[in-house]
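Chain by chain, the residues run as shown.
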Amino acid sequence: GVEAKGRTLGPTAAAAASTDVGSTKPPEWHRRAQLQSDGPVVDVRFAPATIGLKLAACTADGKARVYECVNSLDLRQWEPEDLEVSQQKPTSAMVAAGANA
């Protein structure tokens, strides 16, 4: 699960940080949603703000899932996004293109 102040928030948890302006204390995290995952979550990353309020959760078995907040004013509502997974093995041209991206 996601760790916050020594507490596990669950398989995948969406949380919001709050802190006082000018404070030297670390932010406090408050659970806003509990999201379903296929196994223990080992990493969670938020997307850049320019593409919306999204997060990606990666499980211990290598699966990833992307969630999008339905309403940015209500952090309790998150929907999983459908992702297309390519079963194609990378070719040398794909690897070279990825290195140049």
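On a predicted model such as this, the values are computed, not experimentally measured, just so you know. Counting from 1, residues in each chain are numbered in the order their sequence is written. At least 70 in pLDDT is required for a residue's local features to be given in this predicted model, at least 80 for side-chain atom pairs to be given and counted, and no such filter applies to totals for whole chains, interfaces and linings, which use all residues. Each side-chain value is worked out from all heavy atoms of the structure, with water and hydrogens disregarded.

Draft legend 1. Spatial organisation of the pattern of salt bridges. One side-chain nitrogen of Lys or Arg within 4 Å of one carboxyl oxygen of Asp or Glu is enough to make a salt bridge. Tallied over the full model, the rule gives three salt bridges. For the salt bridge of E81 with K54, the shortest nitrogen-to-oxygen distance reads 2.9 Å. Of the two residues, E81 is situated in the loop between β8 (74–80) and α1 (92–100) and K54 in strand β6 (residues 54–59); the sequence distance between them amounts to 27 residues. Exposed residues in this analysis have more than 50% of their type's maximum accessible area, buried residues have under 20%, and partly exposed residues fall in between, with area computed by a 1.4 Å probe over protein chains only. The exposure class of E81 is partly exposed, given its relative accessible area of 23%. A relative accessible area of 18% means that K54 is categorised as buried. Under the scheme used here, helices are H or I runs from DSSP no shorter than 4 residues and strands are E runs no shorter than 2 residues, and both carry numbers assigned from the N terminus.

Draft legend 2. Here's a closer look at the side chain of D74. For D74, the location among the structural elements is in strand β8. A polar contact of 2.8 Å, which involves the side chain of D74, links it to the side chain of R76. We call two N or O atoms a polar contact when they sit within 3.5 Å, provided that within protein one can donate a hydrogen and the other can accept it, with sequence-adjacent residues counted only if both atoms are side-chain atoms. Separated by 3.0 Å, the side chains of D74 and Q77 make a polar contact.

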